[in-house]
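Spelled out from the first residue to the last, the chains are:
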Amino acid sequence: MSEPEVFDLIVIGAGPAGENIAQYATEGTDLTAVLIDRELFGGECSYYACMPSKALLRPIEVAATSHHLKGVSDAKLDVDALISRRNYWVSNYEDSGQVKWAKGAGLEVIRGDASFAGPRQVRVSGEGGDRLLEARTAVVIATGTTAFVPDLYADCAPWGSRDATGIREVPDRLIIVGGGVVACEAATWLAAMGSHVTMIVRDERVLPRSEPFASEIVATALRDAGVDLRLKTDVSAVRRDGARDTGIGQIHGGPVTVTLGDEEVEADEILVAVGRCPALDGLGLDVVGLDESSVLDGDLPDWLLAVGDASGEAALTHWGKYRARVIGAQIAARALGHPEPYEPTNVPVPQAIFTDPQVGSVGLTEAEAREAGHDVVVASTPWSSAAGSALLQDDAKGGAQLVVDASSHRVLGATFVGPGAAELVHAATIAIVGGVPTEVLRHAVPSYPTASELWLRLLEDLPPALRDRPTS
């Protein structure tokens, strides 16, 4: 092989985190960067996760809302049109637009399998043969995650999240194993599309990392939508005849049967949504004296970085993009000899869950805050306590909660559950990052009648000492 091609930055993985770190590290500088991916440029989120799931869920949400507003005729779902909408938002699983953006940003684009050839060196095997690359500044691992499939399900050709978001055949009967975000969102749209969903959850509640009241509301909503929700239940055996890979979103064989204690449940398809793992296999980490734990623990040489889901940090697209922007800007500042940009130490991770009703949360739950040693005060209010939020649905169900530090009067965490709740959480994120005490927040006047009035109700639920600041 000839001498290596030299770039300042080599980024393995062209999803949102990889794209952002390459862009922020090079814009306004003379640095060069190359983006490498063996799959579609734009990553999991663009084609198989966030975008297709929200494309499916929004029309379902609108149709469901029509059942809860007097004066509106019940909307009906058109499954074929729903799938067509999904296809539009994933660019029909074609990435020329993303590649065009990358090239327009001055980035080199290579499609192929990347692995380490030595310190600062990466070998890429693709259609054009092997290429050896070398980084002057850094190599970035931004390879995302892959679905975790326990051995129990290995021989039954289960659906993964890509099959659920890429659905082409709606199974009459579907088993979903798992109770996290992917499982709950998939149950929401698949039940709405006509599938009889049996949801098997090992934990005592769905969304186990959320506030308990949020889990309870979502569980009730799933059951109201016809989902057969089995909590504190384990699958002890699975069998399926004719299991085969028929392509994304299609039924993968004959009926599948799961054993739950003394009971058997049969379905046409099974979706296993029990977690994801950083996609680090095949990178040749051992070539540079590293392993998976080195990446996840951040125990890396100065020329190697990890960002996004592959780093072991919160596996959320917006968080990966944020970290990529911060680290990319730091790389650019060093190259230009500028001071590194400000980075606060108290940045919380927000999350939006697009079930019906939605869940928006940020920061610490009450349990997490108490475990961290905070003297906690909790404020809560029903969704219908504010005119603006109650107007969104005539029988709107949900609630909101603030977790506040009694000493500093600062918000530690917030959870909103209800119609459009995901749009409320950013205000809480700003409050936490800005360190705004509650006696100042009470002077942020919400417009009437909007759902943001819930903030007023929450602050009113706090003790007076946390609401009123003396004039002296």
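Residues numbered from 1 in each chain as written. Predicted model: local features only at pLDDT ≥ 70, side-chain atom pairs only at ≥ 80, totals over all residues. Heavy atoms only, no water.

Participant: In this structure, what is going on with the overall build of the protein chain? I would like to understand it.
Facilitator: The helix and strand tally for the protein chain stands at 15 helices and 21 strands. For 472 residues, the compact-globule estimate of 2.2 N^0.38 gives 23 Å, and the C-alpha radius of gyration of the protein chain, at 24 Å, lies within 12% of that figure. Based on the C-alpha atoms only, the size of the protein chain along its principal axes is roughly 70 × 70 × 40 Å. Taken across its 472 residues, the protein chain has 49% of its residues classed as buried. Excluding contacts between residues fewer than 6 apart, the proportion of contacts in the protein chain whose partners are at least 24 apart in sequence is 66%. Carbon together with sulfur atoms contributes 49% to the accessible area of the protein chain, which is approximately 21900 Å² in total. Across the protein chain, 38 positive and 66 negative side-chain charges occur, with their mean positions spaced 4 Å apart. (Helix = DSSP H or I, 4+ residues; strand = E, 2+ residues; numbered from the N terminus. Rg over C-alpha atoms; globule rule 2.2 N^0.38 Å. Buried < 20%, exposed > 50% of the residue type's maximum accessible area, 1.4 Å probe, protein only. Contact = heavy atoms within 4.5 Å. Areas by Shrake-Rupley, 256 points an atom, 1.4 Å probe, with all protein chains shown as cover. Lys, Arg positive; Asp, Glu negative; His and termini not counted. Charge placed at Lys NZ, Arg CZ, Asp CG, Glu CD.)

Participant: Even after reading the chapter, I still don't get unusual backbone geometry, so can you show me in this structure?
Facilitator: Negative phi values dominate among residues other than glycine, just as trans dominates among peptide bonds. Of note, the amide linkage connecting aspartate 356 to proline 357 takes the cis form, showing an omega dihedral of 10 degrees. Within the element layout of this structure, proline 357 appears in the loop between strand 17 (350-353) and strand 18 (358-363). Put simply, tyrosine 448 and proline 449 share a cis peptide bond, and its omega is -10 degrees. By the element assignment, proline 449 lies in the loop between helix 14 (438-441) and helix 15 (454-460). Positive phi is not limited to glycine here, since arginine 120 has a value of about 70 degrees. Within the element layout of this structure, arginine 120 appears in the loop between strand 4 (113-118) and strand 5 (121-126). With a relative accessible area of 27%, arginine 120 lands in the partly exposed category.

Participant: I keep staring at the pairing of strand 4 and nothing clicks. Help me out?
Facilitator: It is a general feature of regular strands that their side chains alternate between the two faces of the sheet. One ladder, built from five bridges, connects strand 4 with strand 5; its direction is antiparallel. Following the sheet pairing, phenylalanine 116 is matched in strand 5 by valine 122. Connecting strand 4 to the antiparallel partner strand 5 that follows it, the hairpin turn spans two residues, and arginine 120 within it adopts a positive phi of roughly 70 degrees. (Pairing = 2+ DSSP bridges.)

Participant: In this structure, what is going on with the pairing of strand 14 (residues 269-272)? I would like to understand it.
Facilitator: Across the two faces of strand 14 the burial is the same, with Glu269 and Leu271 and Ile270 and Val272 all buried. As paired elements, strand 8 (residues 173-177) and strand 14 share four bridges and run parallel to each other. Within strand 14, the residue paired with leucine 174 across the bridge is glutamate 269.

Participant: Is there a simple way to think about a nonpolar patch on the surface in this case?
Facilitator: Together, Met51, Tyr88 and Trp89 line one region of the surface with nonpolar side chains, adding up to about 340 Å² of accessible area. Along the chain, tyrosine 88 falls in helix 4 (residues 79-89). Judged by its relative accessible area of 59%, tyrosine 88 falls in the exposed class. (Patch = residues over 30% accessible without salt bridge, like charges linked within 9 Å, V, L, I, M, F, W, Y side chains within 5 Å. Salt bridge = Lys/Arg side-chain N within 4 Å of Asp/Glu carboxyl O.)

Participant: Help me understand the packing of helix 3 (residues 50-66) against helix 4 in this model?
Facilitator: Think of two packed helices as two axes; the pair is described by the angle between the axes and how far apart they sit. Two elements in contact, helix 3 and helix 4, have axes separated by 8 Å at closest approach and are oriented at 145 degrees. Taken as a pair, helix 3 and helix 4 cross one another with a handedness that is right-handed. Packed against helix 3, whose contacting residues are Met51, Pro52, Lys54, Ala55, Leu56, Arg58, Pro59 and Ile60, the element helix 4 presents Leu82, Arg85, Arg86 and Trp89 at the interface. For the contact of helix 3 with helix 4, a count of residues per class yields eight nonpolar, no polar and four charged. (Axes fitted to C-alpha atoms, helices over the stretch in contact; angles between N-to-C directions. Left-handed = near helix turned anticlockwise from the far one by under 90°. Nonpolar A, V, L, I, M, F, W, Y, C, P; charged D, E, K, R; others polar.)

Participant: Explain the environment of valine 404 to me, please; I cannot follow it from the model alone.
Facilitator: Residue position: valine 404 is located in strand 20 (residues 399-405). Residue classification places valine 404 among the buried residues on the basis of a relative accessible area of 0%. Taking the C-alpha atoms as reference points, valine 404 and glutamate 423, separated by 19 residues in sequence, lie 21 Å from one another. Ignoring sequence-local partners within four residues, the contact set of valine 404 consists of Asp375, Val376, Val377, His409, Arg410, Val411, Leu412, Thr438, Leu462 and Leu466.

Participant: Where do I start with the side chain of serine 195 in this structure?
Facilitator: With respect to the element layout, serine 195 can be found in the loop between helix 7 (181-192) and strand 9 (196-200). A polar contact is formed between the side chain of serine 195 and the backbone oxygen of proline 171, at a distance of 2.6 Å. Not counting residues within four places of it along the chain, the set of residues in contact with serine 195 comprises Val170, Pro171, Asp172, Arg173, Leu174 and Leu190. (Polar contact = N/O pair within 3.5 Å; in protein donor to acceptor, adjacent residues only side chain to side chain.)

Participant: I would appreciate a short explanation of the nonpolar core in the present structure.
Facilitator: Nonpolar side chains tend to gather and get buried jointly when the protein is soluble and globular. Formed by 35 residues in total, the largest nonpolar core has its most connected members in Ile176, Trp189, Leu190, Val197, Met199, Val206 and Leu271. Of all the elements in the fold, those that place two or more residues in this core are helix 3, helix 4, strand 8, helix 7, strand 9 and helix 8 (212-224). Ranked by the residues each element gives to this core, the list is headed by helix 7, at seven residues. If we skip the residues at most four places from it in the chain, valine 206 touches Gly179, Cys184, Met199, Val201, Ser215, Val218, Ala219, Leu229 and Leu231. Counting 26 residues, the second-largest nonpolar core is a separate cluster that includes Trp383, Leu454, Leu458 and Leu462. (Core = buried A, V, L, I, M, F, W, Y, C linked by side-chain atoms within 4.5 Å.)

Keep in mind these numbers describe shape, not what the thing actually does.
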